[in-house]
Structure formats: C-alpha cells, structure tokens
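A structural walkthrough
Letter by letter, the chains look like this.
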Amino acid sequence: MKAITFRQLRVFAEVARQLSFVRAAEVLHLTPPAVTMQVKELEGQVGLPMFERQGRKVSLTTAGEYFLVYAKRLIATLKDADDAMARFKRVEAGQLNIGMVSTAQYFLPHLLARFREEHPGIEVRLQVAGNREQLVALLHANEVDLAVMGRPPTELATRSEPFAAHPLVFVCPPGHPLLNIGHPPAEALQSYPFIAREAGSGTRNAMEAFFKERRIAPRITMELGSNETIKQAVMAGMGLSFLSLHTVGLELRSGLLHVLSVEGTPVMRTWNVVHLLSKLLSPAAEAFRYFIIEEGEAYLVAHDTPLLSPP
C-alpha cells in the first residue's frame, strides 16, 4: 500500500460519506469517471474491494469500513500539518470545517456571510448534525475544526467558549386558548398535547429539565427530529411545542406562530463555539472563532429582542 496517495484517500472518504460516486464527484469537483478511477486504483493498492455496488446503490464492504477509520486519521493528520504550516505563514486561506446542531442553521449562515466579507480567501464547509450526539461524534472523529452547539460535551476534552444567549420558548398556533392568559403557569400546559424534539437533542433536554423542576409530566403525543416539521405540526393545531427562539423568527413575525409567555420562560441557555483541546487551530479557524465571539451576541440580541417584546 506504499503507493496510495492522499488524493485517493480523500476521494475514497468522500464516496464513503456520500455512498454515491456521482454525489462525491460533485463535492470534489471531479467527473464521476475520475472518482471511479481513483477508487479502483486504491482498491488495487489495498488488494481488496472497498465498496459493494448493486446498480446505483453503493455500500462499504467490511474491509472498506475498517480502512475508512485509518483513512480519516491520515486525512486529519495531514490537515493538522497543513494548519500548523499555515500558522508559520500567517495566512488566512484554505478550508474551514464547521459543524453545527440543526438549530444553529437559522443564524449561523448569516454570520458566515459577514465573516466571508472580511475573509474572502477562506472556503467554508458546513456540516449540519441532526442533534447534539451526532455533532459530538463529528468532533471526536476530528471531522470539523469548530462546532457551534448549546451544551458543550463532557465526554471529550474540549475548549468551549460561550458567545451568545440562547432563549427557548413555548409556541402555539394563532387563537390558542392560552394566549388569553397573560402569563400562564407551567401547570396550564398539562392539558394540551405536546410535539417534542427527539430524545438526546439539546432542546428536548432543556424541555425535560424545565418540566422536571416543576414536577410536571407533559403529554407528549409526537416526537420529531426536525424543527421545520414541528413548526408545521404546531401551525396545523396538532399541539404545543418547546423550541429555540432562533428557529421561529419568520413564523412569529408573520403571525403563523405565537410565543406563550409561560411563567419561568424564556428558558435561557448559551451558544458555544467548541473545538478539541488537542487540535491546533488553523489561522482560518482562529479567525472565525474570534469573529463569532465578537459578533455573535450582538447579532442574536438584535434578532431576539423584538420577538420577546410584548406587542
């Protein structure tokens, strides 16, 4: 395997990520035949098939699954070396890999657009994790330079820096009876069905902590892993929900949803920018880390204040 190149490893890892030669070619800006050739050359060097192909379906072989672990380690090590050399050159260019929980997608792209105006030489790659556990796995695998998340991981050695407040609120459709009560007590929520995020998500954990503190058992009738689907279900009158204020700005402004001013809310959490302690950040990653700590709070306060102010 001495003749294996990092180009082949990158192509192999992307095909394994996408489970599609065509989608991997799009991400890598190559043609599908070029991707196929790189994988065939790699398989020739290893002496084992890395993928099983059945029509358009692609899956990793057992050997491919094992090899992927080592390929990711080698790619990550090369990137760390790249970042270290960039520090000596003091350049702010190259690729920046940012992971985020799905709730952050409602504000992080706007901040990234501002960041790119100041640092046009940096290519940003965003990875959206469905929930906190998936993002922790990306951090652990060294697949992202920085992660934007709520509760920092305790199971990894990380550096976590809070940069903004994160309000979570109860939401309902227009015309809901609880809107007639100025500040309904938490106990009033027990009479209504709830649409909740899936177990393990940061939003679900915060909701459970809120109810546990008040010894209330909500009537959860539906669990969904998508903020967008939950909002649609609430708007359809299927129940109440507990969501990040940052996910419902558009619906609140248009009157499709309303915040319930439940006593003890909004529940305030924090947004954090996180990276592995063992990771040497590139100048690009350091620049974004500094930018979000400096700019993130002001941006989100401007977003949140009108939504939390009484009409």
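Look above for the structure.
Below you will find a few notes about this structure. (Residues numbered from 1 in each chain as written. Predicted model: local features only at pLDDT ≥ 70, side-chain atom pairs only at ≥ 80, totals over all residues. Heavy atoms only, no water.)

**Observations regarding the overall build of the protein**
Basically, it comes down to this: Only DSSP runs of H or I reaching four residues or more are called helices, and only runs of E reaching two or more are called strands; each is numbered from the N terminus. When accessible area is computed with a 1.4 Å probe and restricted to protein chains, residues below 20% of their type maximum are described as buried, those above 50% as exposed, and intermediate ones as partly exposed. Note on contacts: a residue pair is in contact if any heavy atoms of the two residues lie within 4.5 Å. Computed by Shrake-Rupley with a 1.4 Å probe, the accessible areas treat only the displayed protein chains as cover when residues are assessed. Residues scored as charged are limited to Lys and Arg (positive) and Asp and Glu (negative), so that His and the chain ends carry no count. All charge positions are set by atom: Lys at NZ, Arg at CZ, Asp at CG, Glu at CD.
Of regular secondary structure, the protein possesses 10 helices and 11 strands. Taking all 311 residues of the protein together, the buried fraction comes to 47%. Long-range contacts, defined as pairs at least 24 residues apart, comprise 76% of the intrachain contacts of the protein with a sequence gap of at least 6. About 15800 Å² of surface is accessible on the protein, with carbon and sulfur atoms providing 55% of the total. In the protein, 32 side chains carry a positive charge and 31 a negative one; their mean positions are 4 Å apart.

**Regarding the packing of helix α2 (residues 21–28) against helix α3 (residues 32–46)**
Counted only if it meets this: Simply put, an axis is a line fit to the C-alpha atoms, just over the touching stretch for a helix, and the angle between two N-to-C directions goes from 0 to 180 degrees. Roughly parallel covers angles under 35 degrees, roughly antiparallel covers those over 145, roughly perpendicular covers 65 to 115, and oblique covers all other angles. Three residue categories are used. Nonpolar comprises Ala, Val, Leu, Ile, Met, Phe, Trp, Tyr, Cys and Pro, charged comprises Asp, Glu, Lys and Arg, and polar comprises the others, including Gly.
For the pair α2 and α3, the least separation of the axes is 8 Å and the interaxial angle reads 105°. Relative to α3, the element α2 is oriented roughly perpendicular. The segment α2 lies against α3, with Phe 21, Val 22 and Ala 25 engaging Pro 32, Val 35, Thr 36 and Val 39. Split by residue class, the contact of α2 with α3 holds 6 nonpolar, 1 polar and no charged.

**Quick word on the nonpolar core**
Using the following cut-off: Think of a nonpolar core as a cluster: buried Ala, Val, Leu, Ile, Met, Phe, Trp, Tyr and Cys residues, connected wherever their side-chain atoms sit within 4.5 Å.
In this structure, Phe 107, Leu 108, Val 148, Phe 163 and Phe 288 are the most contacted members of the largest nonpolar core, which totals 37 residues. Elements that contribute at least two residues to this core include exactly β3 (94–101), α5 (108–118), β4 (122–129), α6 (132–140), β5 (146–149), β6 (158–172), β11 (267–276) and α10 (283–308). At 8 residues, the largest contribution of residues to this core is made by α10. Filtering out sequence-adjacent residues up to four positions away, Phe 288 remains in contact with Leu 96, Ile 98, Leu 108, Leu 112, Phe 115 and Leu 146. Formed by 21 residues, the second largest nonpolar core is a distinct cluster that contains Ala 24, Ala 25, Val 58 and Ala 71.

**Structural notes on the pairing of β4**
Put simply, the test is: Should DSSP find at least two bridges between two strands, the strands are regarded as paired. Look down the strands so they point away from you; if the path from the first strand over the helix to the second goes clockwise, the crossover is right-handed.
Two elements, β3 and β4, share 8 bridges in a ladder whose sense is parallel. Bridge assignment links Gly 99 to a residue of β4, and that residue is Gln 127. In this view, the connection linking β3 to its parallel neighbour β4 by way of α5 has right-handed handedness.

**Notes on the packing of aromatic side chains**
What counts is decided by this rule: Only rings of Phe, Tyr and Trp enter the pairing, Trp through its six-membered ring, and a pair is recorded when the two centres are within 6.5 Å. The plane angle decides the type: under 30 degrees is stacked, over 60 is edge-to-face, the rest tilted.
One pass over the structure, following the stated rule, counts 13 aromatic pairs. With 5.4 Å between their ring centres and 65° between their planes, Phe 12 and Phe 67 make a pair best called edge-to-face. Within this pair, whereas Phe 12 is found in helix α1 (residues 6–18), its partner Phe 67 is found in helix α4 (residues 62–89), the two being separated by 55 residues in sequence. Pair check on accessibility: Phe 12 and Phe 67 agree, each one buried. Residues Phe 170 and Phe 242 carry aromatic rings whose centres are separated by 4.8 Å and whose planes lie at 55° to one another, so their mutual orientation is tilted. Residue Phe 170 is found in strand β6, and its partner Phe 242 is found in strand β9 (residues 240–244); the two are separated by 72 residues along the sequence. Members of the aromatic cluster, connected to one another through ring pairs, are Phe 170, Phe 194, Phe 210, Phe 211 and Phe 242.

**Some words on the packing of α1 against α2**
Applied cut-off: The hand of a helix crossing depends on one turn: near helix anticlockwise from the far one by less than a right angle means left-handed, and clockwise means right-handed.
Remark: α1 packs on α2, axes separated minimally by 8 Å, with the N-to-C direction vectors making an angle of 125°. Between α1 and α2, the angle falls in the class oblique. Considering only the axes of α1 and α2, their crossing is right-handed. For the pair formed by α1 and α2, the contact residues are Val 11, Glu 14, Val 15 and Gln 18 on the first element and Phe 21, Arg 23, Ala 24, Val 27 and Leu 28 on the second. Class assignment of the residues belonging to the contact of α1 with α2 gives a composition of 6 nonpolar, 1 polar and 2 charged.

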